[in-house]
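What follows is the residue order along each chain.
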Amino acid sequence: MFEKANLAALKKNHPALHSTLENFITPPETSIGYAVIASKSGALTLTAETDGFTTLFHSGYDPVKEADRIVSSWGDMSGYRTVLFSGFGLGYVPLRALSSLNTTQRVIVVEPEMEVLSLAIKNIDLTPLFTRANTHIITGPEFMERSDDLIEGNTDKTFSFLLPPACKLDPRLISITEKGSAPLLKKRLSYPKFGSPRCKALLFESGFFLEQELMATWESRNSPFTTIEVPVSGAGETGFIKDLLSRLADFRPDYIITINRIGFDLDGKLARLLTSYKTPFVSWFVDNPLSIVERGGVASDYDISLVWDEFYVAPMKRLGFTNVHYFPYAADTTIFHASESPIKKKYPISFVASSMEKILADRLAEIRNRTGLMKIFRKLTTKPYEWGRVDIPGMVKAELSGHVVSPSESASLETATGSAITQRKRVDALLAIKDMQPHIFGDSGWAKLLPKDFTIHPPADYRRDLPAIYRATSVNLNISNLQLLNSPNQRLFDVSASSSFLLTDNPDNAAKFLAPDTQVGVFNNPRELAEKACYYLEKGNEREEMAVKACNTICSGHTYRHRTEELETLLGSIFR
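On a predicted model such as this, the values are computed, not experimentally measured, just so you know.

Parameters at a glance
Residues numbered from 1 in each chain as written. Predicted model: local features only at pLDDT ≥ 70, side-chain atom pairs only at ≥ 80, totals over all residues. Heavy atoms only, no water. Pairing = 2+ DSSP bridges. Helix = DSSP H or I, 4+ residues; strand = E, 2+ residues; numbered from the N terminus. Axes fitted to C-alpha atoms, helices over the stretch in contact; angles between N-to-C directions. Parallel < 35°, antiparallel > 145°, perpendicular 65-115°, else oblique. Left-handed = near helix turned anticlockwise from the far one by under 90°. Contact = heavy atoms within 4.5 Å. Core = buried A, V, L, I, M, F, W, Y, C linked by side-chain atoms within 4.5 Å. Buried < 20%, exposed > 50% of the residue type's maximum accessible area, 1.4 Å probe, protein only.

Draft legend 1. Local environment of the sheet that holds strand 5 (residues 106–111). If you trace the four strands from one edge of the open sheet to the other, you get 6-5-4-7, paired in parallel fashion. Lying at the two open borders of the sheet, with one neighbouring strand each, are strand 6 (135–139) and strand 7 (158–162). Ignoring strand direction, the axes of neighbouring strands in this sheet form an average angle of 15°. Relative to strand 7, strand 4 (residues 82–86) runs parallel, the two being bridged by five bridges. Pairing of Ser86 across the sheet is with Leu162, part of strand 7.

The following block contains the structure:
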């Protein structure tokens with residue numbers, strides 16, 4: 001649609017580049033497969049498929065808004081002689097930046113792949129860039145040499161922006177960015193934090209639970225944020241750190257946030273680097289934090305740990321993490337909310353959960369060659385257990401007395417033990433209500449654990465399927481993972497926000513947020529579960545009244561909007 005106008009602008013203003021692109025033919029076989037697709041907003045974005053992995057050049061939600069956030073974070077650009085863009089994608093950031101620049105400022109765009117630039121020319125209106133004076137566009141095999149010639153001797157007043165996905169595909173872009181930004185990097189990373197009423201966040205994006213909830217919340221609050229993709233492996237690797245430093249300098253966030261410390265290397269290289277630049281980084285733990293940090297981790301004054309269960313505050317502090325705070329789960333009301341119309345109940349009882357088979361197998365594989373540890377595991381998981389709170393960390397620590405084990409082996413044993421006993425607990429509970437025909441939504445491991453006459457559904461997608469399941473269920477069942485010691489899990493908030501009824505174990509934990517037998521049903525053991533399930537199945541009006549009360553309580557004080565506001569207040573009190 002835009003190709004003709006773009007090529008005409010190129011021919012007039014960049015004839016050599018026009019000639020090169022006009023004769024460019026996409027190679028029939030290439031290691032990278034590029035594609036232009038629609039984002040959630042409808043605006044186009046660019047993907048690259050290589051070695052079975054897909055790289056997204058721009059936001060999959062709204063690439064235009066993403067570019068706006070990035071450029072608006074730069075502030076006054078008038079003091080720079082040159083603005084360097086390393087990596088182009090579809091050109092959203094350079095196009096958005098033009099309104100912040102005057103014609104005396106030189107713009108240099110470097111895109112190694114002619115195919116990428118060709119796709120942008122076909123799909124995006126690039127004429128504002130192609131017709132701008134004092135603009136240089138570099139592409140093709142000799143991009144390094146041509147970039148050096150333009151950048152050499154002009155780094156004192158150069159602003160550099162690195163498009164991280166492009167760098168992932170061609171790390172040579174890092175050296176170009178460094179040449180343009182090295183003299184200014186330290187100065188640019190020493191910016192003041194928390195000086196504005198609207199905090200800016202940089203999220204380490206790995207596809208893990210809670211990331212989408214945070215992004216949806218920031219979007220709804222109109223809070224500025226950006227993300228950086230965390231490598232699948234090699235946390236703390238040089239390429240990722242360089243990408244991160246570039247993003248910090250460009251976006252200038254008040255803080256970094258990661259879920260379960262994903263993205264941080266065990267040696268503490270990244271933590272020490274961020275501390276040296278006085279950049280606060282938040283690790284929001286949604287699993288047992290001890291089993292994560294005991295494998296390796298370096299704490300600092302700029303390290304904030306959020307734990308979803310207050311039990312872990314004291315042990316984390318004993319490990320040297322001084323900034324540890326209790327931050328329970330909450331509800332994402334952009335997806336979990338009451339239905340606007342009556343919902344027919346399809347399921348009398350439903351339970352959505354993991355069978356624990358995979359995590360159990362993974363952790364056992366890590367200790368399988370240690371005969372002593374396997375003996376301890378079998379001893380702890382075959383003896384009778386109490387239905388209520390089970391102190392797995394205490395049990396494992398007591399049994400390991402006198403054994404020489406590494407922190408990672410201890411963490412693996414603890415997770416495996418907790419998973420195995422949780423599994424037994426869930427099976428015992430489900431067998432107690434077998435005659436009520438509960439519906440199980442989960443992985444294939446359930447088929448190995450439960451009798452064949454149980455109804456087992458495939459795993460439910462958290463955002464797409466769960467809200468409908470919760471609303472269509474008369475009694476939503478919760479049987480907690482034993483790693484939860486003093487707090488409820490995510491299900492309490494999600495079911496309640498959906499204005500649906502929940503029957504849960506761990507009454508004391510639930511009572512911190514909802515009134516037992518008034519807003520939420522509770523049980524203490526399988527026998528009591530069977531009694532309460534039978535009772536509430538017959539009491540439809542009572543169930544609905546309790547569900548409405550629970551929904552009002554959760555939505556008025558326990559959403560992720562509330563949590564992010566609490567977090568920014570906390571960070572401001574520490575670092576402002």
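Draft legend 2. Geometry of the packing of helix 18 (residues 407–432) against helix 23 (residues 526–538). For the pair helix 18 and helix 23, interaxial distance at closest approach is 8 Å and the crossing angle is 40°. On the basis of the axis angle, helix 18 is oblique to helix 23. Relative to helix 23, helix 18 is oriented so that their crossing is right-handed. Contacts between helix 18 and helix 23 pair Asp428, Ala429 and Ala432 from the former with Pro526, Leu529 and Ala530 from the latter.

Draft legend 3. View of the sheet that holds strand 18 (residues 502–504). Across the sheet, which stays open at both edges, the six strands sit in the order 16-15-14-17-18-19 with parallel pairing between neighbours. Strand pairing shows two members of the sheet lacking a second neighbour, strand 16 (455–457) and strand 19 (521–522), which therefore form its edges.

Draft legend 4. Geometry of the side chain of Arg69. Secondary-structure assignment places Arg69 in helix 3 (residues 63–72). In contact with Arg69, other than residues within four places in its own chain, are Glu219, Pro224, Phe225 and Phe251.

Draft legend 5. Fine view of the nonpolar core. One finds Phe204, Trp218, Leu244, Leu248, Tyr255, Ile257 and Trp284 to be the most contacted residues of the largest nonpolar core, which totals 80 residues. For Leu248, the contacting residues outside a window of four places in its chain are Leu189, Tyr191, Leu202, Pro253, Ile256, Leu274 and Thr279. If you look at the next biggest cluster of nonpolar residues, it comprises 51 residues, including Leu10, Leu17, Ile137 and Leu173.

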